[in-house]
Amino acid sequence: MAEIKKVHTTNAPEAIGPYSQATILNGVVYTSGQIAINPATGNVESDTIEGQTEQIFKNLSAVLEEAGTSLDNTVKTVCFLADVERDFGAFNKVYEKFIKNKPARSCVGVKALPKNVLAEVEVIAAI
């Protein structure tokens, strides 16, 4: 059986449920969804889609760095937006600042997200 390694860093928020920040299997990192919690304070500090998306990608970058890779090696993202109609364009502008290689992506509207945030993103990346 292949070994699955768990990833943990204090530079991203602690998991708020029974899961890991990320796992690694066969040279691929699978992150859990990240929301806009500042790991230094444990709080969501922005109420805009732009500010929350910035924090999400800072969190994802920290998890991927701990795993030995970066956002540059992203092969797939899954994005969840609480209000797709309102936030899709602004979310994409921030997304493009962090994800430059245009990986595969799903972006779906959801009824609600943890802590009533506006977005959540998970990443699959190569090491």
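Quick look at the structure, then. (Residues numbered from 1 in each chain as written. Predicted model: local features only at pLDDT ≥ 70, side-chain atom pairs only at ≥ 80, totals over all residues. Heavy atoms only, no water.)

Turning our attention to the overall build of the chain. Check the secondary structure of the chain and you find 2 helices and 8 strands. Taken from N to C terminus, the helices and strands of the chain fall in the order β-β-β-β-β-α-β-α-β-β. For a compact globule of 127 residues, the expected C-alpha radius of gyration is about 14 Å, and the chain comes in at 14 Å, within 12% of that figure. In terms of overall dimensions, the chain has a C-alpha envelope of 45 × 30 × 25 Å along the principal axes. Classification of the 127 residues of the chain by burial places 43% in the buried group. Taking the intrachain contacts of the chain between residues at least 6 apart in sequence as the baseline, contacts between residues at least 24 apart amount to 70%. About 6900 Å² of surface is accessible on the chain, with carbon and sulfur atoms providing 51% of the total. Looking at charge distribution, the chain has the averaged site of its 12 positive side-chain charges lying 3 Å from that of its 15 negative ones. (Helix = DSSP H or I, 4+ residues; strand = E, 2+ residues; numbered from the N terminus. Rg over C-alpha atoms; globule rule 2.2 N^0.38 Å. Buried < 20%, exposed > 50% of the residue type's maximum accessible area, 1.4 Å probe, protein only. Contact = heavy atoms within 4.5 Å. Areas by Shrake-Rupley, 256 points an atom, 1.4 Å probe, with all protein chains shown as cover. Lys, Arg positive; Asp, Glu negative; His and termini not counted. Charge placed at Lys NZ, Arg CZ, Asp CG, Glu CD.)

Moving on, we get to the pairing of strand β8 (residues 119-126). Both strand β3 (residues 28-31) and β8 contribute to a ladder of 3 bridges, which runs antiparallel. In the sheet register, valine 29 faces β8, and the bridge partner there is alanine 125. Bridge count between strand β6 (residues 74-81) and β8: 7 bridges; the pairing is antiparallel. Looking at β8, one finds that cysteine 79 is bridged to valine 121. (Pairing = 2+ DSSP bridges.)

In the structure shown here, the tally under the stated rule is 3 salt bridges. Notably, a salt bridge pairs aspartate 83 with arginine 86, separated by 3.7 Å at the nearest N-O pair. Aspartate 83 sits in the partly exposed class, given a relative accessible area of 28%. One salt bridge in this structure joins aspartate 87 and arginine 86, with 2.8 Å as the shortest N-O distance. Overall, aspartate 87 belongs to the buried group, its relative accessible area being 5%. Each member of the salt-bridge network shares a partner with another, and the members are Asp83, Arg86 and Asp87. (Salt bridge = Lys/Arg side-chain N within 4 Å of Asp/Glu carboxyl O.)

This brings us to the packing of helix α1 (residues 49-67) against helix α2 (residues 84-98). At their nearest, the axes of α1 and α2 sit 9 Å apart, and the two run at 35 degrees to each other. When you trace α1 past α2, the crossing you get is right-handed. Residues Ile49, Glu50, Thr53, Glu54 and Phe57 of α1 pack against Asp87, Ala90, Phe91, Val94, Tyr95, Lys97 and Phe98 of α2. Among the residues forming the contact of α1 with α2, the class breakdown is 7 nonpolar, 1 polar and 4 charged. (Axes fitted to C-alpha atoms, helices over the stretch in contact; angles between N-to-C directions. Left-handed = near helix turned anticlockwise from the far one by under 90°. Nonpolar A, V, L, I, M, F, W, Y, C, P; charged D, E, K, R; others polar.)

To continue, consider the sheet that holds β8. If you walk across this open sheet you meet the 6 strands as β1-β2-β3-β8-β6-β7, and the pairing is mixed. Only two strands of the sheet have a single partner each, and these edge strands are β1 (5-7) and β7 (104-109). Put simply, the sheet's adjacent strands are angled 15 degrees from each other on average, direction ignored.

Take it as geometry only, folks, not as evidence of what the structure does.
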